[in-house]
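Residues per chain are reported as follows:
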Amino acid sequence: MTGLRGLLAALAFLAHFFTLHLLPVDGHMRFVTTPTPSILVPITYAGMNVFFAMSGFVMAWAARPDDTAQAFWKRRFARLFPIYFVTTVLAAGALVVLHMPVGLDNFLLHVFLLQAWVPDQGIIYGINPVSWSLSVEVFFYLVFPAMLVLLSRATDRMLRITVVVALVLAWWLPYLVGDTFTLAQTGGSTFFNHSEQGGEFTFWFTMIFPGFRLVDFVSGAAVGMLMRRGSWRGPSMKVTLIIVAVMFVVDFLFLPNRIQRVGGLLPAVLLLMAALSQADLSGRMSWLRVKPFTWFGDRSYSFYLVHVLAFLPLQPVILNLYTTLGIIPAPSVDLPVPLTVFSCLLYFTICTFAAWALHKYVEVPMSRRLRKAGPTSARSKLRGERS
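On a predicted model such as this, the values are computed, not experimentally measured, just so you know.

Cut-offs applied
- Residues numbered from 1 in each chain as written.
- Predicted model: local features only at pLDDT ≥ 70, side-chain atom pairs only at ≥ 80, totals over all residues.
- Heavy atoms only, no water.
- Helix = DSSP H or I, 4+ residues; strand = E, 2+ residues; numbered from the N terminus.
- Rg over C-alpha atoms; globule rule 2.2 N^0.38 Å.
- Buried < 20%, exposed > 50% of the residue type's maximum accessible area, 1.4 Å probe, protein only.
- 1 Å grid on protein atoms, 1.4 Å probe; cavity = no way out; pocket = protein on both sides within 12 Å on 5 of 7 lines; lining within 4 Å.
- Points joined across faces, edges and corners; volume = space filled by probe spheres on them.
- Axes fitted to C-alpha atoms, helices over the stretch in contact; angles between N-to-C directions.
- Contact = heavy atoms within 4.5 Å.
- Nonpolar A, V, L, I, M, F, W, Y, C, P; charged D, E, K, R; others polar.
- Salt bridge = Lys/Arg side-chain N within 4 Å of Asp/Glu carboxyl O.
- Core = buried A, V, L, I, M, F, W, Y, C linked by side-chain atoms within 4.5 Å.
- Phe/Tyr/Trp six-rings, centres within 6.5 Å; stacked < 30°, edge-to-face > 60°.
- Lys NZ or Arg CZ within 6 Å of the ring centre and 35° of its normal.
- Left-handed = near helix turned anticlockwise from the far one by under 90°.

Considerations on the overall build of the chain
Phase 1: Scanning the chain for helices and strands turns up 16 helices and 2 strands.
Phase 2: A compact globule built from 387 residues would reach a C-alpha radius of gyration of about 21 Å, and the chain, at 21 Å, matches this within 12%.
Phase 3: With respect to the principal axes defined by its C-alpha atoms, the chain has extents near 65 × 55 × 45 Å.
Phase 4: Counting every position in the chain, which comprises 387 residues, the buried fraction comes to 48%.

If you want it as C-alpha cells, here you go:
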C-alpha cells in the first residue's frame, strides 16, 4: 500500500506536468492549462478513486476498539495539517510575487480546508491546485468515527450490500445530477473548460464534491472491514489484474465521461486494493514493496502537495534557458519528445528533493510534536505509563 501511494503521487505529477504551465503572456506570468493527454485521463481518475477508497480501507482496517473520535481526529490533524498549511502559505506567497494574489476569503477557505465545497474553479484550484483532494479527505475524517460504529455493527451481508449500493450510486447520481442541475454562472478564474465533460456543475459534483466522493470512501471502508474479519472473498491477484486491465479499456473507450471519473473504475479499484492487501498479508513479493517505492511512498504526501509548487515556477526559467541556448526558438510547452522527457525527469527530481526536505524537516517533526500534545487514546496512555 505504501508503494501504491508513491505510484499514485508519481502519476499525479505526470498528469500535472502535461496540464499545468506557467508562461509569459503579454509581459506577465500567467497560468496556462492544456488538455490532459487522453491516455492519462483514466489513470488520473483511477488515482483519485484509489486515493479516497484506500483512505476508507486503511482506516477501517487499522481502527482500534479503544480509540476515541477525539484521539482519531488529533492523529489525523497532526498527520495532515502541518505540511498542508506550509504549502498553502508558500503557494499564496508565490501568487503575490507573481502579481496574482488571492482574496482573503479564498485563502481562509483553503486554510480551513473548505475549498472543495464551492463549485468555483477560482476557489478549488486558486492557491495550490492539488489541495482540493485534502478538503475532501478532511470531510472523510470528520464522518469516519460515526461511520465506523455503523460498519462495526453491520453483518458481513450488510457490508457487501453497502459496497453494492455505493457502486450503484456511483453510476446513478452523475446522471441524476447532470440532467437536473447546472450553474447559472461561475465566478473567479476558469482554469479548465468542462463543457465536454457534462458542464461545470456535473464535473464538480462527480469529481470534487466531498459528499459524492463518499462512495469511494465508504465502499473502501466496507471492503476493509470485510478483510479485517477475514470475510472477503475475491479473485486472485492474476485474475484481479486481468479484470483491472479490461475495466480500464472499457472505461477509456466506451463509458461516458461523467461515469469515467468514479463509477467506471471503482469496482476495479476495490478488487485491486483487496488483492494487494492479501498479497501483503501472505508475504508475497511485489515490485511495489521494493525499497525505492516504499521510500517514495513514505514521502508521497509531501510530494503531492509540493510538486506543482516546485515545478511551475521553474518552468519559465528552464524554457528561457532552452531558448537562450538555441535549443528552442521561443519559450513554449510544445517541446521535442526528447526534451520533454528530459524536462519531466528534471522536474521530478527537483520535486522529489523538495518533498524529502519537507518530509524530514516539517512533516515528521511537526506531526510528532502535535501527537504528543493534548489528549491521547486509552491505548496511548497505557503505553506511556508502561514506558
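Anyway, onward from the coordinates.
Regarding empty space enclosed by the protein
Phase 1: The final tally for this structure, using the stated rule, is 1 cavity of 30 Å³ or more.
Phase 2: Within this model, the largest cavity holds a volume of roughly 60 Å³.
Phase 3: Gln121, Ile124, His194, Glu200 and Trp204 are, among the 11 residues lining the largest cavity, the residues nearest its centre.
Phase 4: Listing elements by their share of the lining of the largest cavity, those giving two or more residues are helix H5 (121–124) and helix H8 (200–208).
Phase 5: In terms of residue count, H8 provides more of the lining of the largest cavity than any other element does, 4 residues in total.

Some details on the packing of H8 against helix H9 (residues 210–229)
The relative placement of two packed helices comes down to the angle between their axes together with the axis-to-axis distance.
Phase 1: One way to put it is that H8 packs onto H9 with a least axis distance of 6 Å and a crossing angle of 35 degrees. Counting all contacts with H8, which are made through Phe205, Thr206, Met207 and Ile208, the residues of H9 involved are Pro210, Phe212 and Arg213.
Phase 2: By residue class, the composition of the contact of H8 with H9 is 5 nonpolar, 1 polar and 1 charged.

What about the layout of surface pockets?
Phase 1: Considered as a void within the structure, the second largest pocket measures approximately 490 Å³ in volume.
Phase 2: Contributing to the lining of the second largest pocket are 22 residues, with Leu4, Leu7, Leu241, Leu272 and Leu288 lying nearest its centre.
Phase 3: Counting only elements with at least two residues in the lining of the second largest pocket, the list comes to helix H1 (2–19), helix H2 (40–62), helix H10 (237–253) and helix H12 (266–282).
Phase 4: Among the elements that line the lining of the second largest pocket, the one with the most residues is H12, at 5 residues.
Phase 5: In terms of residue class, the lining of the second largest pocket is made up of 19 nonpolar, 2 polar and 1 charged.

What about the side chain of Ser277?
Phase 1: Mapped onto the elements, Ser277 comes out in helix H12.
Phase 2: Discounting residues that sit within four places of it in the chain, Ser277 has contacts with Met1, Phe57 and Met227.

Focus on the pattern of salt bridges
Close approach of charged atoms lets side chains of opposite charge pair.
Phase 1: A full pass over the atoms with the stated rule returns 5 salt bridges.
Phase 2: Close ionic contact of Asp67 with Arg75 constitutes a salt bridge, the shortest N to O distance being 2.5 Å.
Phase 3: The partner of Arg79 in a salt bridge is Glu363, with the nearest N and O atoms 2.5 Å apart. Note that Arg79 is positioned in helix H3 (residues 69–97) and Glu363 in helix H15 (residues 337–372), a separation of 284 residues in sequence.
Phase 4: Members of the salt-bridge network, linked through shared partners, are Arg64, Asp67 and Arg75.

A word on the nonpolar core
Phase 1: Trp132 and Ile208 are the most contacted members of the largest nonpolar core, which has 104 residues in total.
Phase 2: With 12 residues, helix H14 (residues 300–324) is the single largest residue contributor to this core.
Phase 3: Not counting residues within four places of it along the chain, the set of residues in contact with Trp132 comprises Met48, Phe52, Gln115, Ala116, Ile124, Tyr125, Met207 and Ile208.

What to know about the packing of aromatic side chains
Phase 1: Inspection of the entire model under this criterion finds 32 aromatic pairs.
Phase 2: Seen from their ring centres, Trp204 and Phe209 are 4.9 Å apart, and the 40 degrees between their planes marks the pair as tilted.
Phase 3: According to the relative accessible area criterion, Trp204 is buried, its value standing at 8%.
Phase 4: Stacked on the ring of Tyr141, the Lys or Arg Arg76 has its end atom at 5.5 Å from the ring centre.

Let's talk about the packing of H2 against H10
Phase 1: Direction vectors running N to C along H2 and H10 enclose 115 degrees, while the axes themselves pass 9 Å from each other. When you trace H2 past H10, the crossing you get is right-handed. Between H2 and H10, the residues in contact are Pro42, Ile43 and Ala46 and Phe248, Asp251 and Phe252, respectively.
Phase 2: For the contact of H2 with H10, a count of residues per class yields 5 nonpolar, no polar and 1 charged.

Description of the environment of Phe296
Phase 1: Positionally, Phe296 belongs in helix H13 (residues 291–298).
Phase 2: Look at Phe296 and you get buried, because its relative accessible area is 10%.
Phase 3: Remark: the alpha-carbon pair of Phe296 and Gly6, spanning 290 residues in sequence, is separated by 5.4 Å.
Phase 4: Excluding residues within four positions of it along the chain, Phe296 makes contact with Gly6, Ala9, Ala10, Phe303, Phe348 and Thr352.

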